[in-house]
Amino acid sequence: MDLPAPLAWLVDEAGTSPSPERFLADLGSRLLSTGLPLAGGALTLAVPHPIVTQRTWLWQAETGAVIEALGFAGTSLGQAGHDWLGGLGPIYEETIGTAPDSPVLGWAGAQPFDPSAVDRLRQVARFAAAPLAGLAARAALSALLEAYLGRRSAARVQDGALRRSTGETIRAALLCADLRDFTALSEATEPTVVIAALDAWFDRVAGAVHAFGGEVLKFIGDGVLAIFPVTGTPAEACEAALRAVAAIRAGMAHLDATRLTQGLPPLPFGAALHFGDMLWGNIGAADRLDFTAIGPAVNLVSRLEGLCKPLGRNVLISGAVAAETNMGLLPLGEHELRGIVEPCAVFTLVENGEEKKTAGLTTVPISGSPS
């Protein structure tokens, strides 16, 4: 069958598009080459995510650039794309399918679309149904995997990294945190209240981690393991981790104040930071795998977090992190950590009223200290 070039591409090649943004840009450029007076295009896909309900890609014909907009609960499907296209010119839109969450494909014209152009765009929408179904399925899978596994693990699963005993070495600032005395609280509290407390705790931790460029690797009971990978210098990763843990502490102080007004007890916590190499890899049974973090750095940060309660501090920082920052930290001396051969130099964030104690104390540099 002799089809126009854009329709032939939709039948033969579009199903292998690596991403929605590439699909939209390639389709838009092909339609432009046939003489359609396009100013831009928009593609919206619904995604099953706890926060983001839709993703919209916006293509500008003049530059070929594609940007992304996120839609949240309460937003009509395709609204962001419709609004953006309306700023470019006359709009033609179609919902590709009959389901409530079907993809929405829209175009803005550099001039009003005549009946011939409308017919051609209507044909494009029909032929786009099959490749868009595949793209929507992949986008949904990606959203689900990221929500449950995190970005790093989701990417590995999608790449087919399913062999046991494989992994990657990551150089990063590590954050280990958990709630204190949570077992006693959970035994004396209604399950729904316990779950609400956990959600509030995890919101503060994950929100701070993501705000400063980190990544939550695991939720373990009431505990969290997160990393700030080195993408520039070690100092940048450590500074990001320090800012995140300070934000966690501020967020939990605000949460505790709110809980107090509700007649609820505070949620004491401990958090520790360390810097080093960790292995993030596959482990498990032959037919049931999981990702886990192993290595001396993981062991040390976990043991250091366990020292928070004995030292009466909710944040502890290893010497390896302190060596990479000029932030004013309060030294707490060297401490033995269970299972760790060398004593660990331990620091903490300066709290209100401790500024005078740190006057004259030099916390950095301590280069050469591995702990």
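Rules used in this analysis
Residues numbered from 1 in each chain as written. Predicted model: local features only at pLDDT ≥ 70, side-chain atom pairs only at ≥ 80, totals over all residues. Heavy atoms only, no water. Helix = DSSP H or I, 4+ residues; strand = E, 2+ residues; numbered from the N terminus. Buried < 20%, exposed > 50% of the residue type's maximum accessible area, 1.4 Å probe, protein only. Contact = heavy atoms within 4.5 Å. Pairing = 2+ DSSP bridges. Axes fitted to C-alpha atoms, helices over the stretch in contact; angles between N-to-C directions. Core = buried A, V, L, I, M, F, W, Y, C linked by side-chain atoms within 4.5 Å.

Participant: Give me the overall build of the chain: which residues, what numbers.
Facilitator: Looking only at helices and strands, one finds 12 helices and 13 strands in the chain. On the principal axes, the C-alpha backbone points of the chain span a range of 80 × 45 × 45 Å. When each of the 371 residues of the chain is scored for burial, the buried share is 45%. Pairs at least 24 residues apart make up 61% of the contacts formed inside the chain by residues separated by at least 6 positions.

Participant: Outline the sheet that holds strand β2 (residues 52-60), supporting the account with residue identities and numerical values.
Facilitator: In a beta sheet, neighbouring strands are held together by backbone hydrogen bonds and run either parallel or antiparallel to one another. Pairing is antiparallel in the open sheet, where 5 strands are placed in the order β3-β2-β1-β5-β4. Each edge of the open sheet is held by one strand with a lone partner, namely β3 (66-72) and β4 (91-95). Ignoring which end each strand starts from, the neighbouring axes of this sheet average 15 degrees apart. Strands β1 (38-46), β2, β3, β4 and β5 (104-109) of the sheet are contacted by helix α3 (residues 79-86), whose axis makes an angle of about 25 degrees with β2.

Participant: Requested: an account of the side chain of Ser17, with residues and values cited.
Facilitator: Here Ser17 lies in the loop between α1 (5-12) and α2 (20-33). Ignoring sequence-local partners within four residues, the contact set of Ser17 consists of Trp9, Phe23, Leu135 and Arg138.

Participant: Outline the nonpolar core, supporting the account with residue identities and numerical values.
Facilitator: Grouped together as the largest cluster of nonpolar side chains are 42 residues, with contacts concentrated most on Leu175, Trp201 and Ile317. Going through the elements one at a time, β6 (167-179), α7 (191-211), β8 (223-229), α8 (234-261), β9 (269-285), β11 (315-318), α11 (319-322) and β13 (344-349) are the ones with two or more residues in this core. Looking at this core, the element that brings in the most residues is α7, giving 10 residues. Every residue in contact with Ile317, bar those within four places of it in the chain, is listed here: Leu242, Leu273, Leu304, Ala322, Leu329, Ala345, Val346, Phe347, Thr348 and Leu349. In this structure, Leu43, Leu105, Val124 and Ala139 belong to the second largest nonpolar core, which totals 34 residues.

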